[in-house]
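Coordinate analysis (summary)
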Amino acid sequence: MFILVTGANGQLGKSIKNLVDQQKKSHSFVFVTRDQLDLSSTSSIQNYFETHKFDLIINCAAYTLVDNAENYQEEADMINHIAVMKIAEIAKSNNIKLIHISTDFVFDGLKHKPYFESDASSPLNIYGKTKLKGENAILSIMKFNAMIIRTSWLYSEYGNNFVATILRLSQKSSNLNIVSDQIGTPTFARDLGQAILDIIKSDKFNVFKKKSEIYHYSNEGKCSRYDFAKEILRISNAKCTISPINTEDYPTAAKRPKLTVMSKEKISKEFDLKIISWKESLKYCMNNLSTPSTLNKD
Ligand SMILES: NC(=O)c1ccc[n+]([C@@H]2O[C@H](COP(=O)([O-])OP(=O)(O)OC[C@H]3O[C@@H](n4cnc5c(N)ncnc54)[C@H](OP(=O)(O)O)[C@@H]3O)[C@@H](O)[C@H]2O)c1
């Protein structure tokens, strides 16, 4: 298969590239950044696919600035919805398979139990709304050959993410106040990347005209943002203390759902995936980040 991966400079794009570079290649991968394929214009998307041919697109590119999206709705809608619609149209007319990444922020967080793929979505913020419109565009254009994978609280060794932020703040402050009433599941981008690579090798993915569907993927378990930060500080042996606060005490431009733990039963059963606990993956990621001597190896 000739495979295109968009968002090559992002957390997931970089993680997939790293895995592909380390493993025996059974497919040809092309990784593109914004410079090579700009999703902010449908004509640039059209032009790109007129001269480049693929069997599968893995769309990791997105407008991911959740708070900024409240003020830049048009930009967020362009990347997360209109560009996705264009990619789906091109994929359909050229028989290209599509794996698209979406988010737990399509849910309002009021279910109080793990979300299934079939649960109603009701995003609370612009980011979630534009991502949901992207999902719906794919499902209405591509009855077959598209797979939408919703993930949550993505972090990695790369770029700006919760782990990097907590480590940075822990070096500047003696105490951190972190919200304890937003519950979800962290996802190590490398684990999601490996799951995608396992999926594309599987017979179940490679069937002719596979029905387009939504799947959920995160690491195993659940925690609050406070628990997540506490574990980051523990592993890094940081000296600073941490206090739980409520969402109301930490106002942000975008409203966030309170509980978005997702069931991974569908994806793990269908593709025979072993999903690692969030604590184990966090430790692995942080071991790759810092000099091992500063880390707590427990
Ligand atoms: N991060 C999370 O916590 C989280 C949670 C749930 C779901 N997700 C979803 O998971 C996927 C991967 O997220 P991530 O954390 O890897 O995102 P990320 O690190 O923010 O990377 C997104 C990539 O998209 C690229 N991009 C943005 N606008 C573009 C444009 N106009 N044209 C081409 N490329 C453009 C960015 O390019 P530049 O590098 O040039 O800016 C960036 O490399 C996304 O679909 C996201 O919605 C993320």
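As a reminder, the structure under discussion sits directly above these lines.
What comes next is a walk through the structure. Since the model is a prediction, treat every value here as computed from it, not as a measurement.

**A look at the sheet that holds strand β10 (residues 213–216)**
The strands that make up a sheet are held in pairs by hydrogen bonds between backbone atoms, and each pair lies either parallel or antiparallel. Reading across the sheet, the six strands line up as β2-β1-β3-β4-β5-β10 and stay open at both edges, with parallel pairing between neighbours. Only two strands of the sheet have a single neighbouring strand rather than two, namely β2 (28–32) and β10. Geometrically, the sheet is characterised by an average inter-axis angle of 20 degrees between neighbouring strands, direction not taken into account. Judged from the four bridges that link them, strand β1 (residues 2–6) and strand β3 (residues 56–59) form a sheet pairing that is parallel. In the strand pairing of β3, Leu4 is matched with Ile57.

**A short note on the site of the ligand**
By nearness alone, 24 residues border the ligand, and Leu12, Arg34, Thr64, Tyr127 and Lys131 come closest of all. Within the backbone of Gly10, one N or O atom sits 3.0 Å away from an oxygen atom of the ligand. Between the ligand and the protein, one listed contact pairs an oxygen atom with a backbone N or O atom of Ala62 at 3.1 Å. Compared with its free state, where it exposes 900 Å², the ligand has 82% of that area covered by protein. Contributions of two or more residues to the shell around the ligand are made by α1 (11–22), β4 (97–103) and α4 (126–141). Element by element, the count of residues in the shell around the ligand is highest for β4, at three residues. Split by residue class, the shell around the ligand holds eleven nonpolar, ten polar and three charged.

**Thoughts on the nonpolar core**
By size, the foremost hydrophobic cluster in this structure holds 34 residues, and its most contacted members are Leu4, Leu37, Leu39, Ile45, Phe49, Ile138 and Met142. Listed by contribution, the elements that provide at least two residues to this core are α2 (42–51), α3 (73–93), α4 and β5 (146–151). At nine residues, α3 tops the list of elements feeding residues into this core. Leaving out residues up to four positions away in the same chain, Leu39 has contacts with Ile45, Asn59, Ala61, Met78, Ile79, Ala83 and Ile87. By size, the runner-up hydrophobic cluster in this structure holds 29 residues, among which are Leu12, Phe205, Tyr217 and Phe271.

**Here we look at the packing of α3 against α4**
Two quantities define a packed helix pair, namely the angle between the axes and the distance from one axis to the other. Interaxial distance between α3 and α4 falls to 9 Å at its minimum, and their mutual angle equals 15 degrees. Taken together, the axes of α3 and α4 lie roughly parallel to each other. Handedness of the crossing formed by α3 with α4: right-handed. Facing α3, whose interface residues are Gln73, Ala76, Asp77, Asn80, His81, Val84, Met85, Ala88, Glu89 and Lys92, α4 presents Ile126, Tyr127, Thr130, Lys131, Lys133, Gly134, Ala137, Ile138 and Ile141. The class makeup of the residues in the contact of α3 with α4 is nine nonpolar, five polar and five charged.

About the cut-offs
- Residues numbered from 1 in each chain as written.
- Predicted model: local features only at pLDDT ≥ 70, side-chain atom pairs only at ≥ 80, totals over all residues.
- Heavy atoms only, no water.
- Pairing = 2+ DSSP bridges.
- Helix = DSSP H or I, 4+ residues; strand = E, 2+ residues; numbered from the N terminus.
- Axes fitted to C-alpha atoms, helices over the stretch in contact; angles between N-to-C directions.
- Near = heavy atom within 4 Å.
- Polar contact = N/O pair within 3.5 Å; in protein donor to acceptor, adjacent residues only side chain to side chain.
- Areas by Shrake-Rupley, 256 points an atom, 1.4 Å probe, with all protein chains shown as cover.
- Nonpolar A, V, L, I, M, F, W, Y, C, P; charged D, E, K, R; others polar.
- Core = buried A, V, L, I, M, F, W, Y, C linked by side-chain atoms within 4.5 Å.
- Buried < 20%, exposed > 50% of the residue type's maximum accessible area, 1.4 Å probe, protein only.
- Contact = heavy atoms within 4.5 Å.
- Parallel < 35°, antiparallel > 145°, perpendicular 65-115°, else oblique.
- Left-handed = near helix turned anticlockwise from the far one by under 90°.

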